[in-house]
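Given next are the chains, with one letter for each unit.
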Amino acid sequence: MLQAENITIKYGSRLAVSDVSLNVRPGEIIAILGPNGAGKSTLLRALNGGLKPSSGQVLLEGHSLNQYPRRVISRHIAVVAQEGDVRFPVTVLEFVLGGRYASASTGAWGWETDRDIKVAHDVLRETELSELSGRLMNELSGGERQRAVLARALATEATVLLLDEPTANLDLAHQAVILGLVRQRSDLNEVAAVVVTHDINLAAQFSNHVLLMKNGHAVAFGHPAEVLTPKLLREVFDVRILVDAHPITGVPRITPVHEVRR
Amino acid sequence: MKANTEAALEHGPKARDLNDGRVTLRQTLAACSLLLVALLAAILVTSLFGSERLPTRASICAIASLGQSACGLTPDQYAILLEIRLPRIFLAAAVGASLAAAGASYQALLRNPLAEPYLLGVSNGAAVGTMIALVFFGAWEWSRPLMAFTGALGATFVVYRLAHGRAGASPERLILAGVIVTTFLSSAIVFVTTLMDATRIRSFTFWLLGDLSGSTTRLLTLAIIVAILGTAVLAANARSLNLLMLGERDAFDLGVEVARVRLIVFFVASLLVGSSVASSGSVGYVGLVVPHLVRLSLGSDNRITVPAAALAGALFVVVADTVARTIIAPRELPVGAITALIGAPLFVYLLKRG
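Bear in mind that the values here come from a model prediction, so they are computed numbers and not experimental data.

A. How the structure looks around the confidence of the model for chain B. All names here are of chain B. On average, residues of chain B carry a pLDDT of 85, and 92% of them reach 70 or more. Taken as a whole, residues 1–18 scores under 50 in pLDDT and shows 24 contacts with residues more than four places along the chain or in a different chain. With a pTM of 0.88, the predicted complex shows an ipTM of 0.91.

Right, here's the structure in full:
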């Protein structure tokens, strides 16, 4: 449903992403891994038209993103970024209803329909925020806020979810909740997801495919077990890495081995 | 409205839990109707007060007849009511509505509750434009609003560019940019003032602080039309502003055509500020005080904030100007002095609260 073909993105003369291709299918979660500055987030922004590639193209349902109006793209592709600070007294429900903007027949003005309200309440229930719907965003804890950001993305009913380090500021339990919700939707074949993350173990646990990136290049792509090998990880992250099988799930478990010089 | 605000201050967000955490069309219409009634009542009542106290019943009768009948007012009283006082009150309403609607929109667009036409330097940009028009194209009446609009738009653009660094725009950076533009334009104003003859300088100093007494019928008509149409256009973009208020990137991701909406809002807000400055100088802090109080009592949804702020702004300046022209009657204060007296402490409070 979403394809990136030979994407190259430059910031001035610096090459941020170089010739990367990606095919996102419903029911699949792709994790993009790599060190800081590898071009992961840049690639993700190009996938919903937020950045124009200097060469290559992104196709949505077979047509270039450039051919769609902004609202149509947003109906198909939703982004979950780390939430910025909300400086106005906006309630959780108002925040989540923002996800219904692209579905409205008139974007700029108009009021939410009964269906908009229903969708918002459904995703609030799914993300366990129903109780908080009347609370203000800046009164929530970090985990609750990040769930609200996910809820807003789910409220768009988009079929592609792009998540940019959605769990970076969350504790262990909340990390699993966020990705678990995405996994659920994906298992129902409702969505495809691309997740940029620094957490390799989380990626191994939740993703179908892993894209390893370094210096803007795609180093490897494949199933977690194929890609998350000591050799490839050492090549990409420049640290020695121990990989064994998770004792319960069996997915690759990654432990960096820091060599302490004495 | 004041009681409402106090209730919101006391109970905070809890008061809003009652309506499920969102604003509806019905609430918007109810709040706006209420404010409209209050505004009309204020127009009627304030028209009775001034250095010359007018007889209540006869004045109301004259206004109700739309000036067709004097209703027993003396010719002098009739002239004071319909030719001096009412035009001034209508101008106050138009200026208040323009500045408050513009302020609310700047705040949403720039993601900054402290953004305000006066503090951003936009009013000063319009003032420089107006003064240039007066000095160089004094004979052509429309040059004033036209140049004021150009000045406001120019100042808006410069502040926006200055405030957006590589790391994005912080509220502090925006205010700093506003201070820089304001002080720069202030010196430009001083420079243009020196080109004027001495007799005009005093009235200009007065005008600079916000003075509603020196308008013409045409400028008044323009100010009213711009206030109504401008507020309507901003309200029509309110749902987009709701998302822009959370960040330009979020808004883009959710389907807002950010560049287009930003252009419309900057253009219309500058038009609103330009037309009010051209007719009445820089009335400060209206765009800060009014939207803030409206958000406290009605919430942050711009579909209610923008129109309600326009009506409340009109009400605020009508009352403030009545105070300005009665408190030391027969002498008058510039209305900007009154609004700043209320607005500056509130600004400090908002800044402290972060």
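The discussion continues.
B. Quick look at the side chain of Asn-302 of chain B. With respect to the helices, strands and loops of the structure, Asn-302 of chain B is situated in helix H16 (residues 302–326). In this structure, Asn-302 of chain B is in contact with Ala-104, Ala-108, Ala-238, Leu-241, Asn-242, Met-245 and Pro-307 of chain B, ignoring residues within four places of it in sequence.

C. Local environment of unusual backbone geometry. Look at Asp-238 of chain A: it is not a glycine, yet its phi comes out positive at around 60°. The topology assignment puts Asp-238 of chain A in the loop between helix H9 (230–237) and strand S11 (240–245). Residue classification places Asp-238 of chain A among the exposed positions, given a relative accessible area of 59%. A positive phi angle, near 55°, is found at Arg-111 of chain B, a position not held by glycine. Looking at the element boundaries, Arg-111 of chain B is found in the loop between helix H5 (75–109) and helix H6 (117–120).

D. Main features of the pattern of salt bridges. All names here are of chain A. Counted by the stated rule, this structure contains 20 salt bridges over all chains. The partner of Arg-185 in a salt bridge is Glu-126, and the shortest N-O contact between them spans 2.8 Å. Of this pair, Arg-185 sits in helix H6 (residues 172–187) while Glu-126 sits in helix H4 (residues 114–126), placing them 59 residues apart in sequence. The class of Arg-185 is buried, set by a relative accessible area of 15%. Overlapping salt bridges, with partners in common, bring together Arg-100, Arg-115, Asp-116 and Glu-157 in one network.

E. Broad picture of the packing of aromatic side chains. Residues and elements named next belong to chain B. One pass over the full model with this rule turns up four aromatic pairs over all chains. Geometrically, the ring pair formed by Tyr-106 and Phe-266 is tilted, given 6.4 Å between the ring centres and 40° between the ring planes. Of this pair, Tyr-106 sits in helix H5 while Phe-266 sits in helix H14 (residues 258–280); the two residues are 160 residues apart in sequence, bridging distant segments of the chain. Each of the two residues, Tyr-106 as well as Phe-266, counts as buried. With 5.3 Å between their ring centres and 70° between their planes, Tyr-160 and Phe-266 make a pair best called edge-to-face. Here the residue Tyr-160 occupies a position in helix H8 (residues 143–163), and Phe-266 occupies one in helix H14, the gap between them amounting to 106 residues. There is no split in this pair, since Tyr-160 and Phe-266 are both buried. Feature note: the residues Tyr-106, Tyr-160 and Phe-266 constitute an aromatic cluster, connected by ring pairs.

F. Spotlight on the packing of helix H15 (residues 286–298) of chain B against H16 of chain B. All names here are of chain B. Between H15 and H16, the least distance of the axes is 9 Å, while the angle of their chain directions is 125°. The angle between H15 and H16 places the two elements in the oblique class. The handedness of the crossing between H15 and H16 is right-handed. Contacts between H15 and H16 pair Val-286, Val-289, Val-290, Pro-291, Val-294, Arg-295 and Leu-298 from the former with Ile-304, Thr-305, Ala-308, Ala-309, Ala-312, Gly-313, Phe-316 and Val-317 from the latter. Considering only residue class, the contact of H15 with H16 consists of twelve nonpolar, two polar and one charged.

G. Examining helix H3 (residues 25–46) of chain B more closely. Residue and element names in this part refer to chain B. Spanning 22 residues, H3 covers 31 Å between terminal C-alpha atoms, matching the ideal 32 Å at 1.5 Å per step. For H3, the full list of buried residues reads Thr-28, Ala-31, Cys-32, Leu-35, Leu-39, Ala-42, Ile-43 and Thr-46. Seen along its axis, H3 keeps its buried residues to an arc of 110°; they face one direction. Opposite its buried face, H3 presents the exposed residues Arg-26, Leu-29, Leu-34, Val-37 and Leu-40, each directed more than 90 degrees away. On its buried face, H3 is in contact with H5, H15 and H16.

H. Layout of the pairing of strand S9 (residues 209–214) of chain A. All names here are of chain A. Here S9 lies mainly inside the structure; five of its six residues are buried. Strand direction decides the pairing type here: strand S3 (residues 29–33) and S9, joined by four bridges, are parallel. Within S9, the position partnered with Leu-33 by the bridge is Leu-212. Sheet analysis places S9 next to strand S10 (residues 217–222), joined by five bridges and oriented antiparallel. Considered in S10, the bridge of Lys-214 is made with His-217.

Quick notes on the rules
Residues numbered from 1 in each chain as written. Chains lettered and ligands numbered in written order. Predicted model: local features only at pLDDT ≥ 70, side-chain atom pairs only at ≥ 80, totals over all residues. Heavy atoms only, no water. pLDDT = per-residue confidence, 0-100. Contact = heavy atoms within 4.5 Å. Helix = DSSP H or I, 4+ residues; strand = E, 2+ residues; numbered from the N terminus. Buried < 20%, exposed > 50% of the residue type's maximum accessible area, 1.4 Å probe, protein only. Salt bridge = Lys/Arg side-chain N within 4 Å of Asp/Glu carboxyl O. Phe/Tyr/Trp six-rings, centres within 6.5 Å; stacked < 30°, edge-to-face > 60°. Axes fitted to C-alpha atoms, helices over the stretch in contact; angles between N-to-C directions. Parallel < 35°, antiparallel > 145°, perpendicular 65-115°, else oblique. Left-handed = near helix turned anticlockwise from the far one by under 90°. Nonpolar A, V, L, I, M, F, W, Y, C, P; charged D, E, K, R; others polar. Expected span 1.5 Å × (residues − 1). Arc of directions from axis to C-beta. Pairing = 2+ DSSP bridges.

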